[in-house]
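Analysis of the macromolecular model
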Amino acid sequence: MSKNLFYLETGCTDPFYNLAFEEYVLRNRKDGDYLILWQNQNTIVIGVNQVTQAEINTLWVNENSVNVVRRITGGGAVYHDLGNLNYSFITDYDSSEQLSMERFTRPVVAALIKLGIPAYASGKNDILANGRKLSGTAQKIIGGRILHHGTLLFDSDLSAVQSALNVDPEKFTGKGMKSVRSRICNIRQMLKDDMELPEFWGHIKKELSNENYVTGKLDEDELKAVLLLKESKYDTPEWNYGRSPDAGLHIKRRFPGGTIEIALSLSGNHVSSISFFGDFMARKPVDDICSALEGALFDEDTFIDILSQFQLADYFGGITSDQITDMLFYSSST
């Protein structure tokens with residue numbers, strides 16, 4: 001992050017508004033670096049490439065009036081409540097930088113260590129302490145700018161986390177863990193000296209900004225644009241529930257880089273449609289790759305050639321071209 005940092009707050013706990021606010025800043029505030037701290041009332045936030053119905057406990061969600069909203073970043077579904085604090089970094093993206101995830105998690109880890117918590121970055125997008133997850137992160141690149149955002153489980157209702165989400169049992173294979181609740185932990189219970197969330201908020205603001213920030217706000221026209229984006233996108237069932245894996249061929253595999261599902265239809269021996277779903281760490285829209293593959297010959301060499309034209313790490317995180325083509329040409333459908 002540069003020395004000039006603008007600090008913003010959304011001013012509400014409406015998840016549909018907050019995600020619209022974040023996306024608006026990413027797309028429209030092109031100069032300077034931004035730190036946004038925000039909270040959502042009880043909400044499941046779905047990754048951009050996930051199938052909503054497969055991720056949520058619909059009965060529990062309806063009975064408990066839980067919001068469901070899709071974000072623009074990859075990764076898996078998470079549960080937010082007012083015991084959770086979210087942070088967003090927005091800055092210029094340097095495509096030559098290989099450690100962009102570590103670049104952003106480093107100051108968060110340092111902020112937690114200052115509170116006496118033995119935090120460390122782990123895996124593709126988590127921050128852990130004593131082997132238990134405190135934070136998950138994700139990224140998005142748009143127009144030369146990168147959004148990196150994450151959760152900080154300060155004092156969340158962990159039983160609600162477990163009840164709200166349908167957890168893929170493959171995520172726990174070989175981990176010796178039995179549930180989401182057993183893998184996550186609240187920051188508050190690890191503190192040497194107890195504090196309330198407002199004090200924690202102040203600590204995170206201070207540490208992530210290095211006490212060198214300008215408090216900013218969106219002007220009236222910008223706030224109107226945020227409301228329009230909320231109403232036209234984040235409030236709609238098409239955005240929040242619209243993705244579906246219905247297709248002639250449906251394959252799902254879990255790799256160290258995440259879970260990926262491929263839904264594909266053929267017309268003759270050519271691809272008529274293809275979609276990718278999962279909790280892989282996409283920073284760019286996989287629609288770009290789908291468009292390139294549609295109409296292509298359903299042939300391994302053809303797919304390898306098309307996929308080689310993309311920096312796949314930006315679209316699929318740690319999932320590789322070989323893993324994708326092996327799924328399609330050497331795996332049976334599920």
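See above for the structure.
Cut-offs and rules
- Residues numbered from 1 in each chain as written.
- Predicted model: local features only at pLDDT ≥ 70, side-chain atom pairs only at ≥ 80, totals over all residues.
- Heavy atoms only, no water.
- Helix = DSSP H or I, 4+ residues; strand = E, 2+ residues; numbered from the N terminus.
- Rg over C-alpha atoms; globule rule 2.2 N^0.38 Å.
- Buried < 20%, exposed > 50% of the residue type's maximum accessible area, 1.4 Å probe, protein only.
- Areas by Shrake-Rupley, 256 points an atom, 1.4 Å probe, with all protein chains shown as cover.
- Lys, Arg positive; Asp, Glu negative; His and termini not counted.
- Charge placed at Lys NZ, Arg CZ, Asp CG, Glu CD.
- Pairing = 2+ DSSP bridges.
- Salt bridge = Lys/Arg side-chain N within 4 Å of Asp/Glu carboxyl O.
- Arc of directions from axis to C-beta.
- Contact = heavy atoms within 4.5 Å.
- Polar contact = N/O pair within 3.5 Å; in protein donor to acceptor, adjacent residues only side chain to side chain.
- Axes fitted to C-alpha atoms, helices over the stretch in contact; angles between N-to-C directions.
- Parallel < 35°, antiparallel > 145°, perpendicular 65-115°, else oblique.
- Left-handed = near helix turned anticlockwise from the far one by under 90°.
- Nonpolar A, V, L, I, M, F, W, Y, C, P; charged D, E, K, R; others polar.

**Topic: the overall build of the chain**
Tallying secondary structure elements over the chain gives 13 helices and 14 strands in all. Computed over the C-alpha atoms, the radius of gyration of the chain is 20 Å, within 12% of the 20 Å expected from 2.2 N^0.38 for a compact globule of 334 residues. For the chain, with 334 residues in total, the buried portion stands at 52%. Carbon together with sulfur atoms contributes 47% to the accessible area of the chain, which is approximately 14,900 Å² in total. Side chains of the chain give 33 positive and 44 negative charges; the mean places of these two sets differ by 5 Å.

**Concerning the pairing of strand 6 (residues 84–92)**
Within strand 6, eight of the nine residues are buried, leaving the element largely enclosed by the surrounding structure. Across five bridges, strand 2 (residues 33–38) lies against strand 6 in antiparallel orientation. Note on strand 6: the bridge partner recorded for leucine 35 is phenylalanine 89. Two strands pair when backbone bridges link them, and strand 6 and strand 10 (residues 145–153) are joined in this way by nine bridges, in the antiparallel orientation. Bridge pairing in strand 10 places tyrosine 87 opposite glycine 150.

**Considering the pattern of salt bridges**
All told, the structure shown has 15 salt bridges when counted by the stated rule. Here glutamate 207 ties to lysine 114 by a salt bridge, and the two come within 3.2 Å at their closest N and O atoms. Of this pair, glutamate 207 sits in helix 7 (residues 197–209) while lysine 114 sits in the loop between helix 4 (100–113) and strand 7 (119–122), and the two are 93 residues apart along the sequence.

**Concerning helix 11 (residues 300–307)**
Of all the positions in helix 11, only Phe303, Ile306 and Leu307 are classed as buried. Along the axis of helix 11, the buried positions cluster into a sector of 95°, meaning they face one direction only. The inward-facing, buried residues of helix 11 abut strand 13 (258–267), strand 14 (270–278), helix 10 (287–293), helix 12 (312–316) and helix 13 (321–330). Two or three places before aspartate 301, at the opening of helix 11, aspartate 299 has a side-chain oxygen 3.1 Å from that residue's backbone nitrogen.

**Structural notes on the packing of helix 11 against helix 13**
In the contact formed by helix 11 and helix 13, the axes pass within 10 Å of each other and the chain directions differ by 155°. Between helix 11 and helix 13, the angle falls in the class roughly antiparallel. Both helix 11 and helix 13 take part in a crossing whose hand is right-handed. Along its contact with helix 11, which presents Glu300, Phe303, Ile304 and Leu307, the element helix 13 presents Ser321, Ile324, Thr325, Leu328, Phe329 and Tyr330. Looking at side-chain class alone, the contact of helix 11 with helix 13 contains seven nonpolar, two polar and one charged residues.

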